[in-house]
Amino acid sequence: MHLTSLAPASGQSLRHRFLKQTSLALAAALLGVATSLQPVSAADSAPTAAPATPAVPAAPDAAATGAGRRGGARGLISPEVHPDRTVTFRVRMPNATSVSISGADWTDLGATIPLTKDDTGLWSVTIGPLDPMYAIYNFTIDGITTPDLNNPRVKRRTNSGSPGSFLYVPGNPPEYWEARDVPHGTVEANWAKSAATGDTRFYYVYTPPGYDVSGTTKYPILYLFHGSNGTQDDWTDAGKANFIEDNLIAEGKAVPMIIVMPWGHAVVGPQASTNNAVFERYLLDEVLPAVEKKYHVAPGRENRAIVGLSMGGGQSLSIGLSHLDLFASVGGFSYAFTSNTLQNNYANLLNDPAGTNAKLKVLWLGVGRQDKTVGYANNKQVSDLLYDHGINHVFFEMDGAHTFAVWRKCLAEVLPELFNPSVVMPSKPVAAATPAASANPTTAP
């Protein structure tokens, strides 16, 4: 049933109330954007750092049930993470005929989780217990996709679709991607007018703990790309790249490095087919020289890596393999890059395995076995073709779909490989670990 066909409630149509609540959520998203554009310390960034334990009321009260504010969005707690890691989602829509959770990262991405309405018009569902996660989800209300109107953690998107919402279920002890009690690096926004894209845009730069702007220590550098419909925020808000690197440095597992996270949508709209070509010019002609002039970057191709996910994985592989004079380490996660592309555009690399292996210090590929977006089989075909031609590389596979649960794990696996003089790429596939049977198949990978 369409929203416009429903009877008015309390002097307002459901559509009017729905759009009003959605506008509040979008205003919150825009406020989050404005905040994120300021140079921040990763340790102090509110959108990415959450309490070590969730704030849960001792018992249901007016705030939790929505009774305290006559059903206003701000009167509800959603999602509410309970001590046993079950989670309750709520939304007040008295005249809606159906409400469900959709696009949830901890499910098959095509699955939905229905909510149930009580006699006050409050829709709710409790699920779990869930594994620790930082996952994306939406509500679908009478066919309209919307973020959770009560959740201030918003996932921005570039091209289409409603902004998403984040569900944070903390780990105890903290997971590898959570903020731990370790020294933290800094994430800084760099604004500049771009000749390639024709607009003024920014890219994030992470500098590791101990980085001194007046010092002389030089660091290797990783250029890290998000996926289609994403933004510069993706690798810090959703990917937790800064915390992953902080934790690996503290454990002595990764080399302190600078990480650059640009906006991969150089062209948005009708001319988007030219996006990758324009983005390559933007990266190589503008971002790379500006970053390596401003920051203490170690010189030489052996101190540069380029990695991305999905669309960004295609960009990193295409740019990296085309510019081995600039990058000695190349990687992609759930990459939009096919074996046909490899054969048609990089035959010179395939046909000279000795020369290619001598140039590539690290070639690292990763994907989730349940990926239906780019397709696990498509990604594996790229790896198989490389191995068949004697190109040394890592192919890392794990259970998971086209989600940040996979990409965070991939990043945690590849960072210790980068700029590590003892790393040697395998010349044949390494047997993938057999996944253990899960007692909770609905949780995130």
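The present account deals with the structure reproduced in this document. (Residues numbered from 1 in each chain as written. Predicted model: local features only at pLDDT ≥ 70, side-chain atom pairs only at ≥ 80, totals over all residues. Heavy atoms only, no water.)

Before going further, it helps to examine the pairing of strand 13 (residues 200-207). Counted residue by residue, strand 13 has seven buried out of eight residues, so it is predominantly covered. Here strand 12 (residues 186-193) pairs with strand 13 via eight bridges, running antiparallel. Paired with T186 across the bridge in strand 13 is T207. Linkage of strand 12 to strand 13, two consecutive antiparallel strands, is achieved through a turn of six residues, within which G198 is found at a positive phi near 80°. (Buried < 20%, exposed > 50% of the residue type's maximum accessible area, 1.4 Å probe, protein only. Helix = DSSP H or I, 4+ residues; strand = E, 2+ residues; numbered from the N terminus. Pairing = 2+ DSSP bridges.)

So, about the packing of aromatic side chains. A full pass over the atoms with the stated rule returns 21 aromatic pairs. Three or more aromatic residues joined by ring pairs make a cluster, and in this case those are W235, F333, W364, F396, F404 and W407. Taking the ring centre of Y282 as reference, the NZ or CZ of R201 above it sits at 5.4 Å. The lysine or arginine in question, K409, covers the ring of Y176, its NZ or CZ lying 5.7 Å from the ring centre. (Phe/Tyr/Trp six-rings, centres within 6.5 Å; stacked < 30°, edge-to-face > 60°. Lys NZ or Arg CZ within 6 Å of the ring centre and 35° of its normal.)

This paragraph deals with the packing of helix 4 (residues 241-250) against helix 11 (residues 404-414). Two packed helices can be described by the angle between their axes and the distance between those axes. At a minimum axis distance of 10 Å, the contact between helix 4 and helix 11 shows a crossing angle of 35°. Judged by the sense of rotation from one axis to the other, the crossing of helix 4 with helix 11 is right-handed. Between helix 4, through A241, I244 and L248, and helix 11, the contact on the second element is made entirely by R408, L411 and A412. In the contact of helix 4 with helix 11, the residues fall into five nonpolar, no polar and one charged. (Axes fitted to C-alpha atoms, helices over the stretch in contact; angles between N-to-C directions. Left-handed = near helix turned anticlockwise from the far one by under 90°. Contact = heavy atoms within 4.5 Å. Nonpolar A, V, L, I, M, F, W, Y, C, P; charged D, E, K, R; others polar.)

This part takes up the pairing of strand 17 (residues 329-333). Among the five residues of strand 17, five are classified as buried, and the element is accordingly described as predominantly covered. Taking every second residue as pointing to the same face, both faces of strand 17 are buried, with S329, G331 and F333 on one and V330 and G332 on the other. Sheet topology places strand 16 (residues 304-309) next to strand 17; five bridges connect them, and they run parallel. Considered in strand 17, the bridge of A305 is made with S329. What joins strand 16 to strand 17 is helix 6 (residues 311-322), and the crossover it makes is right-handed. As paired strands, strand 17 and strand 18 (residues 362-368) are joined by five bridges and run parallel to one another. Paired with S329 across the bridge in strand 18 is V362. (Right-handed = clockwise from strand over helix to strand, strands pointing away.)

Here the focus is the pattern of salt bridges. Tallied over the entire structure, the rule returns 13 salt bridges. As a salt-bridge pair, D233 and R156 come within 2.4 Å of each other at their nearest N and O atoms. A residue pair is termed long-range when its members are at least 10 positions apart, and D233 in the loop between strand 14 (221-225) and helix 3 (234-238) and R156 in the loop between strand 10 (154-155) and strand 11 (164-169) qualify at 77 residues. For D233, a relative accessible area of 5% puts it in the buried group. A salt bridge links K380 to D384, with the nearest nitrogen and oxygen atoms 3.2 Å apart. In this pair, K380 and D384 are both assigned in helix 10 (residues 376-388), four residues apart and thus about one turn of the helix distant. Taking the relative accessible area as the measure of exposure, D384 reaches 28% and is therefore partly exposed. (Salt bridge = Lys/Arg side-chain N within 4 Å of Asp/Glu carboxyl O.)

Within the secondary structure, S383 sits in helix 10. We classify S383 as buried; its relative accessible area is 2%. The residues touching S383, leaving out its near neighbours within four places in the chain, are L365, H393 and F395.

A few words now on helix 10. With 13 residues, helix 10 should reach 18 Å at 1.5 Å per residue; the first-to-last C-alpha distance of 18 Å fits that figure. If you check which residues of helix 10 are buried, you get Y376, N379, V382, S383, L385, L386 and Y387. Packing partners of the buried residues in helix 10 comprise helix 7 (339-345), helix 8 (347-350), strand 18 and strand 19 (394-398). (Expected span 1.5 Å × (residues − 1).)

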